[in-house]
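Residues per chain are reported as follows:
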There are 4 protein chains.
Amino acid sequence: MAKVKTGVYGATGYTGFEIIKRLQRHPHVSLRFATSQTYAGQSLGRVYPAGRDIPLVSEQDVPLDDVDAVFCCLPHAAGMTIVQKAGEAGARVIDLSADFRLADAADYQTWYGLEHAAPHLLPEAVYGLSEVNRQAIKATDLLANPGCYPTSILLALYPLLKAGLLAPDAPLISDSKSGVSGAGRKLSLKTHFVETSENLSPYNIGQTHRHLAEINQTLAALSETPPPVIFSPHLVPVNRGMLSTIYITLAADTPAAQARTLFTETYAAEPLVRVLPPGDLATFAHTQRTDTCAISVTAVDARHLILCSSIDNLGKGAAGQALQNFNIMFGFEETTGLFW
Amino acid sequence: MAKVKTGVYGATGYTGFEIIKRLQRHPHVSLRFATSQTYAGQSLGRVYPAGRDIPLVSEQDVPLDDVDAVFCCLPHAAGMTIVQKAGEAGARVIDLSADFRLADAADYQTWYGLEHAAPHLLPEAVYGLSEVNRQAIKATDLLANPGCYPTSILLALYPLLKAGLLAPDAPLISDSKSGVSGAGRKLSLKTHFVETSENLSPYNIGQTHRHLAEINQTLAALSETPPPVIFSPHLVPVNRGMLSTIYITLAADTPAAQARTLFTETYAAEPLVRVLPPGDLATFAHTQRTDTCAISVTAVDARHLILCSSIDNLGKGAAGQALQNFNIMFGFEETTGLFW
Amino acid sequence: MAKVKTGVYGATGYTGFEIIKRLQRHPHVSLRFATSQTYAGQSLGRVYPAGRDIPLVSEQDVPLDDVDAVFCCLPHAAGMTIVQKAGEAGARVIDLSADFRLADAADYQTWYGLEHAAPHLLPEAVYGLSEVNRQAIKATDLLANPGCYPTSILLALYPLLKAGLLAPDAPLISDSKSGVSGAGRKLSLKTHFVETSENLSPYNIGQTHRHLAEINQTLAALSETPPPVIFSPHLVPVNRGMLSTIYITLAADTPAAQARTLFTETYAAEPLVRVLPPGDLATFAHTQRTDTCAISVTAVDARHLILCSSIDNLGKGAAGQALQNFNIMFGFEETTGLFW
Amino acid sequence: MAKVKTGVYGATGYTGFEIIKRLQRHPHVSLRFATSQTYAGQSLGRVYPAGRDIPLVSEQDVPLDDVDAVFCCLPHAAGMTIVQKAGEAGARVIDLSADFRLADAADYQTWYGLEHAAPHLLPEAVYGLSEVNRQAIKATDLLANPGCYPTSILLALYPLLKAGLLAPDAPLISDSKSGVSGAGRKLSLKTHFVETSENLSPYNIGQTHRHLAEINQTLAALSETPPPVIFSPHLVPVNRGMLSTIYITLAADTPAAQARTLFTETYAAEPLVRVLPPGDLATFAHTQRTDTCAISVTAVDARHLILCSSIDNLGKGAAGQALQNFNIMFGFEETTGLFW
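None of the values given here were measured: they were computed from a predicted structure.

Visitor: Could you clarify how one ought to interpret the sheet that holds strand β13 (residues 304-311) of chain D in this entry?
Guide: Across a sheet, paired strands are connected by hydrogen bonds in the backbone, their directions being either parallel or antiparallel. Residue and element names in this part refer to chain D. Strand order in the open sheet formed by seven strands is β8-β9-β7-β10-β13-β12-β11, with mixed pairing between adjacent strands. In the strand order of this sheet, the two ends are held by β8 (201-202) and β11 (273-275), each with one partner. Relative to strand β9 (residues 229-235), strand β7 (residues 172-178) is paired through seven bridges, and the arrangement is parallel. Paired with serine 176 across the strands is proline 233, a residue of β9.

Spelled out as structure tokens, the structure:
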């Protein structure tokens, strides 16, 4: 079988490097190029001590007409024209930025503070929440890979959304905790070791985190009466990992066992989403350095549940789900090349 | 001025050692004894590398008739008879365990699974939430020092409770995060370095943590219509620190500035509780290795607030508040010997 | 091709679990059993949150006549009779304990404080330093997998030993640093999170660490005039990783470039040992979560070198090298199933 | 008693903030100003979450004629003219940078790559290794506070230097480990949380670290035949702490007990240097968040010792020793205001 020829834009960011690692393990893929503007001309092994000797090239110098698929791991806005160019050159695009996640260009402007450069592509883009949108993902040539927080929250809510069990009026609260790699490799005092280590800090509390737009959009797509969401992210002194502790008010009294059944049935056939047995609570350790999601369901009373949803922010929260989507798009076994 | 003669039971646990450190800094105190059953005969400096050469003695061998006050830092149940004995010997007792926090012996049995050994002392015990119960603390001879989680939560709720602003029906949610020293020095796989480091884990979610009893009791004392509380503790890979992210539903629409004023006014004269300026969010770093509490107030909308309440679990959450209570009981400046 | 049937003794220790992870990735292997005395009857996924649902059985209940190879991951002494029994049943044995590393039963008694239970097997055992003993490894039925510290030190010394370049009289110093998983899963105050985190501690300094015996034995095998070794291990607050900083006195003046060439030539064809380019220094990050070794060579002057040798203590320092040896023994590509 | 009026230049760096914390505890000191070029006009409490509300002013705006002493916590070179100006204004200066540590301006140029701006002040400067240079410190108006690595190494060597016991020819090796705060608050990839956490890295190995100049200068001052020093610093993922593991060759056979006696006698009367009992090894925990030094002495054989010397890099390694020197200069009890 001919290998799928791939390229990676932004290979030296944390998600780019994770994409590379998975492509190296994938038996049906060849890597044609890996870009870095900062390190062009050097090798990946000099940027990451454990990286292999993969040459890094400038975006300008890639053989775009010789790839079947590209992964775009650039910061939002930075990759918009590249996504467009790659699509025009015939490559199927998996974009890990936020640029094509919001269906409405006006929403993009509201949350990201700049005009969308390729609004005509928005209707073609598919939001790549793998377990939810599998059919659309299969067919698309422009995959918008979800954010890490939305992935952890939406996979946990999906069984309840499908069943129409969320109370429409009570606020749905997600108190989310993320490892530091989610903030990327860009230097800031906030991620300086001495300031971060031994610390834990909430940030963007009070409805200001951009991922809220993505969460609300998907809730609206899956429910006619989506609840208002309160989303509070926290930074924890850990490299990788994410846990959303989600406080649910149900629309109707529901026995705990029945609530749990919604989850086990929804994910029974999913290799990458695990519903924990009663009594277990999802922790970072359940999914760290894997591309899976683990969900625990705890009943407070007949009307209130607490869901704990764990992913690795760079795994199922970024590169893992991107590869899973790639596998869906190209017809491979979904777990090929993934860590699980 | 004659020094207050003190003794410490359980000096080699984390809270015991912190009590010792503060007593060493306190100009009006002499330390008459420090007990340890495990290390009796040795010196504190052998148990803690940075500890001084304080001799450790067995509980049986202490000069109980020669102290004015004792700090009891033993695990719950273990110190009940000691508290009683010390009281009978004429010492004022500051108990850092949970044994005298619940006013009702039946509650104690429910939550701690054993019969209370000294129920007749319960009416005399005062719950030592310093800023709230100052007058009663001054007069008592048996001080029940609050738990760390309740301290972080109740200090944040106090201004709203006083104002009667908590909605009585909507659940009040505290998503709390604690450093590992809160779990004590007893060995367990849960606090083994390799299992804890790089991990974050919820525990006792779903209304099973014992501190809930203490929280509900105090809410009931301060409000005629206390809301139901959902309390979810999480363990984070940090030695010391605690943050409660608290989701509030207000009883009536309240402008953000007005809500904030409740907090700044309540704590205006308090040296150890700080209300952060608008826009700042409380983090572990605000109070780590201090005996203070820092609270941030963020409005979601006119009916919903998010409070972040930060304490050091061994500081204001244990030894710091114990010393503060000692200072109140003995008429010293409240911050004497404290870290702030 | 028929798969090699394998079993793992002691599957729930840190090295056992790492062996399991690699066997799951190995295309030519089937896992017939995984033992645990503590967790027999449960599943690996309950012991390790990220583990799969592999049933754990008691040592007594394994199909020993139906395996081609066993990995023995038990503590030293605990597995001696099992190794013997498995060998008699016809399985080739890879023992990760120290039991068969020392050729002389008297040495074993000296360093491990107990009589060797199967001294007649010692002559058959091969010390599995893969890159050094490859031919003997291929043929053996009893492989003694090296300790983590000796692996990091001996791979660094090997090029100099081969060239006879170590000064015979000057002490050779290895100041070694290890992650905490090297201390295993057994609880101790030394590996309690609160005591370990934010700390760094030397231990067994002054020639008392048992790995010294293994190091000296191999030096004597590879050199007629082995230098005296000073070996100082340190525990660092990191889960996984090991770095030995080795101070070498050379037997003769040697230009830096010439010294370096010894290393690059020795390891030119080795996929799992990397000699870093001039100027780079080996760090934990070079090999963490891989099964490789990275070595840097720094000249102080014509007579003194500083080698930094990095491995993952559970990778090349334990399970990775064990699998590499397995691959050599069974004729597979050496890197099959490994992380690199 | 009138308070000593002090000012702090560079109050928002890690050492500056630690100076402030100690001055706040010092009963005989008033703080007249704290400077920050970056944060001038703001309060220290906004820069450090646990800092108090001390106004930060620009260097240009300080009342230099109204202070008795200044602490200069600026990076090397940045503070040279300030030191000069402050001295001319009549203030006694404690400089925590490297600018006045080397007696020879040519050495400064060699190691720091720039011409010294105030070479005429070098003869007046006293190297503030408190326990070694106490008499000179008392009298000076320009105190050059030692670097952290030199402090940890020189305090350990001092008893042997005094006794003339170091072999003059064998290299003296210090394998030193430092917490990350030693690298300061300036952002770099090397101290980015994700790159530092879970890592351990040697740096400036091979005689390139600037502190080597300071070490050699002091050795030469205390010995007629100082040994060559090999100094290898390592960065460890801990906020604060430093351990130097020092490998000594003695000039003559020396029984272990006799070697140890040199240490206990040298430091018998020193409150801030502790020689550990036989069998104990110094760790970060012995001195972390204190202003003390802890030294362990381990004999390998009659000619070789291993010293472990522990300090807090910001304590005895910087701000603590600076305050100790201040106390010596102004005639206060040496431990006043210090953590110990």
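Let us keep going from here.
Visitor: So what exactly am I meant to see when it comes to the relation of the copies chain B and chain D here?
Guide: One copy of the chain maps onto the other through a rotation about an axis followed by a shift along the same axis. Relative to chain D, chain B is turned by 180° and slid 0.0 Å along the rotation axis, the superposed coordinates differing by an RMSD of 0.0 Å. This pairing of chains is accounted for by a two-fold axis. For chain B, the minimum C-alpha distance to the rotation axis belongs to glutamate 198 of chain B and amounts to 4.4 Å. The overlap is high: 100% of the interface residues of chain B also sit at the interface in chain D, so the same surface is used on both sides.

Visitor: Would you mind going over helix α8 (residues 211-222) of chain D with me for this structure?
Guide: Turn by turn, an α-helix covers 3.6 residues, leaving residues three or four places apart pointing in a common direction. All names here are of chain D. Taking 1.5 Å as the rise per residue, α8 with twelve residues should run 16 Å; its terminal C-alpha atoms sit 17 Å apart, in good agreement. Among all positions in α8, only His211, Leu212, Ala213, Glu214, Ile215, Thr218 and Leu219 are buried. Buried residues along α8 sit in contact with α4 (105-112), β5 (126-127), α6 (148-162) and β9.

Visitor: I tried to follow the domain arrangement of chain A on my own but got confused; where do I start?
Guide: Many authors give the size of an interface as the accessible area that is lost as the parts come together. Residue and element names in this part refer to chain A. Taken as a whole, chain A is organised into domain 1 (4-124) and domain 2 (149-312). With 14 residues of domain 1 at the interface, the matching set in domain 2 holds 14 residues. In total, about 1200 Å² of surface goes out of reach between domain 1 and domain 2, with carbon and sulfur atoms giving 47% of it. Its largest share of buried area at the contact with domain 2, domain 1 owes to Tyr14, Arg101 and Trp111, together 49% of the area lost on that side. Taken together, domain 1 and domain 2 are joined by three salt bridges. The shortest N-O distance in the salt bridge between glutamate 18 and arginine 240 comes to 3.2 Å. Summed over the shared surface of domain 1 and domain 2, the result is seven residue pairs in polar contact (both at pLDDT 80 or more). Secondary-structure elements contributing two or more residues to the side of domain 1 that touches domain 2 are α1 (14-25) and α4 (105-112).

Visitor: Before we go on, may I ask you to explain the relation of the copies chain A and chain B in this structure?
Guide: Turning chain A through 180° and shifting it by 0.0 Å along the axis lays it on chain B, with an RMSD of 0.0 Å. Residue by residue, 100% of the interface of chain A is reproduced at the interface of chain B, so both copies engage with the same surface.

Visitor: Mind showing me how you'd approach unusual backbone geometry here?
Guide: One can expect most non-glycine residues to show negative phi and most peptide bonds to be in trans. Residues and elements named next belong to chain D. Notably, alanine 77 is not glycine yet its phi reads approximately 75°, a positive angle. Exposure remark for alanine 77: the relative accessible area of 31% places this residue in the partly exposed category. Its identity as a non-glycine residue notwithstanding, arginine 289 has a phi of 60°, on the positive side. Structurally, arginine 289 is set in the loop between β11 and β12 (293-301). Overall, arginine 289 belongs to the partly exposed group, its relative accessible area being 29%.

Visitor: Looking at this structure, how should I read the pairing of β13 of chain D?
Guide: Two faces make up the sheet, and in a regular strand the side chains alternate between them. All names here are of chain D. Burial within β13 is extensive, with eight of its eight residues counted as buried. Of the two faces of β13, the one carrying His304, Ile306, Cys308 and Ser310 and the one carrying Leu305, Leu307, Ser309 and Ile311 are both buried. Two strands pair when backbone bridges link them, and β12 and β13 are joined in this way by eight bridges, in the antiparallel orientation. Looking across to β13, one finds that alanine 299 is bridged to leucine 305. Counted between consecutive antiparallel strands, the loop separating β12 from β13 contains two residues.

So, how was this worked out
Residues numbered from 1 in each chain as written. Chains lettered and ligands numbered in written order. Predicted model: local features only at pLDDT ≥ 70, side-chain atom pairs only at ≥ 80, totals over all residues. Heavy atoms only, no water. Pairing = 2+ DSSP bridges. Helix = DSSP H or I, 4+ residues; strand = E, 2+ residues; numbered from the N terminus. Least-squares fit on C-alpha atoms with pLDDT ≥ 70 in both. Contact = heavy atoms within 4.5 Å. Expected span 1.5 Å × (residues − 1). Buried < 20%, exposed > 50% of the residue type's maximum accessible area, 1.4 Å probe, protein only. Domains from an automatic or database assignment. Buried area = accessible area lost by both parts, 1.4 Å probe. Salt bridge = Lys/Arg side-chain N within 4 Å of Asp/Glu carboxyl O. Polar contact = N/O pair within 3.5 Å; in protein donor to acceptor, adjacent residues only side chain to side chain.

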